[in-house]
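Notes for the structure review
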Amino acid sequence: MKKRTLAGLSLIALALAGCGGRQPLKPVKGQNLPAVPTGAATAPTAAQLMEPSIQARPERNVELLTQSRQRADEPFDLPPEKRPQ
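Now for a description of the structure that goes with this document.

Parameters at a glance
Residues numbered from 1 in each chain as written. Predicted model: local features only at pLDDT ≥ 70, side-chain atom pairs only at ≥ 80, totals over all residues. Heavy atoms only, no water. Helix = DSSP H or I, 4+ residues; strand = E, 2+ residues; numbered from the N terminus. Rg over C-alpha atoms; globule rule 2.2 N^0.38 Å. Buried < 20%, exposed > 50% of the residue type's maximum accessible area, 1.4 Å probe, protein only. Areas by Shrake-Rupley, 256 points an atom, 1.4 Å probe, with all protein chains shown as cover. Patch = residues over 30% accessible without salt bridge, like charges linked within 9 Å, V, L, I, M, F, W, Y side chains within 5 Å. Salt bridge = Lys/Arg side-chain N within 4 Å of Asp/Glu carboxyl O. Expected span 1.5 Å × (residues − 1).

**Some points on the overall build of the protein chain**
When you go through the protein chain residue by residue, the secondary structure sums to two helices and zero strands. For the protein chain, the C-alpha radius of gyration of 29 Å lies well beyond 12 Å, the compact-globule estimate for 85 residues. Counting only C-alpha atoms and orienting by the principal axes, one finds that the protein chain spans roughly 70 × 60 × 40 Å. A buried classification covers 2% of the 85 residues belonging to the protein chain. Summed over all atoms, the accessible surface of the protein chain reaches about 9900 Å², with 56% contributed by carbon and sulfur.

What follows is the structure, encoded as structure tokens:
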């Protein structure tokens, strides 16, 4: 009974820890945001730095195969030799 109670309390504590308040991100005292990237007019904000880039989260191509197609003949798809040399 003790293990079950301890597990329940730890799950409740974990759930409550995830409900913390959200505040805008700020750099730590004594540190600045990264330098302005080359070609950019202004430095990115903390929120912009937290957004994943397109390369980090590419769009998925979910095109389904709707019809089967016969493969074309492959001239280099040869059977194996009968007697390897």
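**What about the environment of P58?**
Tracing the backbone shows P58 in the segment after α2 (46-50). Looking at P58, the relative accessible area reads 55%, which means it is exposed. In this structure the C-alpha to C-alpha distance between P58 and A7, which are 51 residues apart in sequence, comes to 39 Å.

**Some details on a nonpolar patch on the surface**
Taken together, the side chains of L9, I12 and L16 define a hydrophobic patch exposed on the protein surface, amounting to about 330 Å² of accessible area. Tracing the chain through its elements places L16 in helix α1 (residues 2-17).

**A closer look at α1**
Here α1 contains 16 residues, and its C-alpha end-to-end distance of 22 Å stays within 8% of the 22 Å for a straight helix at 1.5 Å per residue. Counted residue by residue, α1 has zero buried out of 16 residues, so it is predominantly exposed.

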